[in-house]
Amino acid sequence: MDSLSVSNDLTIGILSLQGAFVEHQVSIERLNLNRRIRVLQVRTEQDLDQCNALIIPGGESTTIALLARLSGLFEPLKQFANTKPVWGTCAGAILLSNSVVGAKKGGQELLGGMSISIARNGWGSQIESFEAPLQVDGLRDSTRPFSGIFIRAPVLLALKNSPNDPPIQVVARLPQELTPESLISQVEEFDADTTTIVAIRQGLHLLTTFHPELTKDDRFHEYFVRECVLNANSP
Ligand SMILES: NC(=O)CC[C@H](N)C(=O)O
């Protein structure tokens, strides 16, 4: 893919403690980038040190946070997110959020970095998992909808950027307002319009509440590489 050719060697790490990390790796490798971008499964601080960008996969956010803490990766990950591009999908999106509602008993450690609040498992039991066609700004061939796969997905509750934070850009929305039934028991009030937002960018980071790595459509991975990784690493 010529448009994504780069002259510097870059490493995209995939946090590989739990969840759908192999699927992300396969998707990036399928992009057929030139060999100067490599993919690395990240399990240690030494792995992370080699990365120019990171993907935090879907899975179980409490478990990923706990394993990161136990493996000494939690603080290095926080520092990484201060300076380098990170893409969080589903559980990864929860970890990138600055605040969460509906955490497990005992609390939930967050890496933070994106000024939003998010509700874990925010969709009601009837639609706990669903697929929806998304209109996404900036994807290649953007008139073709992207099929969003939502699996016990989190729901965005509020965009909370202060004037000092980088602006938040909405990248994708659900086609219509679905009723996030579980939210009704978790939060007293929510803004139905915000709950339709399913992908955002802020600063270096990308967040998607769904799972692009579970489709054969690699346009989101291409988007992350082009918009976040190459932009941040261009000379
Ligand atoms: N598919 C997913 O990543 C689900 C996220 C999960 N519900 C969590 O709270 O971590």
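Residues numbered from 1 in each chain as written. Predicted model: local features only at pLDDT ≥ 70, side-chain atom pairs only at ≥ 80, totals over all residues. Heavy atoms only, no water.

Undergrad: Residues and numbers for helix α4 (residues 74-83), please.
TA: All of the buried residues along α4 are F74, P76, L77, F80 and A81. When α4 is viewed along its axis, its buried side chains cluster within an angular range of 160 degrees and face the same direction. In α4, the exposed residues that point more than 90 degrees away from the buried face are Q79, N82 and T83. (Buried < 20%, exposed > 50% of the residue type's maximum accessible area, 1.4 Å probe, protein only. Helix = DSSP H or I, 4+ residues; strand = E, 2+ residues; numbered from the N terminus. Arc of directions from axis to C-beta.)

Undergrad: Give a description of the sheet that holds strand β6 (residues 114-119) that names residues and reports values.
TA: In spatial order, the strands read β5-β6-β9; together these 3 strands make up an open sheet with mixed pairing. With partners counted over all chains shown, the strands left at the sheet margins are β5 (97-101) and β9 (155-159), one partner each. Sheet twist, expressed as the mean angle between neighbouring strand axes with direction ignored, is 30 degrees. The pairing of β6 with β9 spans 4 bridges and is antiparallel. Bridge assignment links I118 to a residue of β9, and that residue is L156. (Pairing = 2+ DSSP bridges. Axes fitted to C-alpha atoms, helices over the stretch in contact; angles between N-to-C directions.)

Undergrad: Explain empty space enclosed by the protein residue by residue, including any values.
TA: The full count for this structure, using the stated rule, is 1 cavity of 30 Å³ or more. Computed from the structure, the largest cavity encloses a volume of approximately 30 Å³. Taken together, L15, I64, A65, A68, F74, L77, L95 and L111 make up the full set of residues lining the largest cavity. Listing elements by their share of the lining of the largest cavity, those giving two or more residues are α3 (61-70) and α4. Ranked by the residues each element gives to the lining of the largest cavity, the list is headed by α3, at 3 residues. Grouping the constituent residues of the lining of the largest cavity by class yields 8 nonpolar, no polar and no charged. (1 Å grid on protein atoms, 1.4 Å probe; cavity = no way out; pocket = protein on both sides within 12 Å on 5 of 7 lines; lining within 4 Å. Points joined across faces, edges and corners; volume = space filled by probe spheres on them. Nonpolar A, V, L, I, M, F, W, Y, C, P; charged D, E, K, R; others polar.)

Undergrad: Could you give an account of the site of the ligand, with specific residues and numbers?
TA: All residues in the neighbourhood of the ligand are listed as G58, G59, E60, S61, C90, A91, I94, R120, N121, I151, R152 and H211. S61 has a polar backbone atom sitting 2.5 Å from an oxygen atom of the ligand. Interatomic distance of 3.1 Å between a backbone N/O atom of A91 and an oxygen atom of the ligand. Protein coverage of the free-state accessible area of the ligand, which is 300 Å², stands at 94%. (Near = heavy atom within 4 Å. Polar contact = N/O pair within 3.5 Å; in protein donor to acceptor, adjacent residues only side chain to side chain. Areas by Shrake-Rupley, 256 points an atom, 1.4 Å probe, with all protein chains shown as cover.)

Undergrad: How would you sum up the UniProt feature "binding site: L-glutamine" (unreviewed entry) in the chain? Please name residues and give values.
TA: Per the UniProt record, the feature "binding site: L-glutamine" (unreviewed entry) sits at G59, E60, S61, R120, I151 and R152. Sequence-wise these annotated residues cover 94 residues; spatially they are packed, their C-alpha atoms never more than 12.8 Å apart. Within the annotated group just given, the residues that line the largest pocket are G59, E60, S61, R120, I151 and R152. The topology assignment puts I151 in strand β8 (residues 146-151). (UniProt positions renumbered as here; feature names shortened; annotations may be inferred.)

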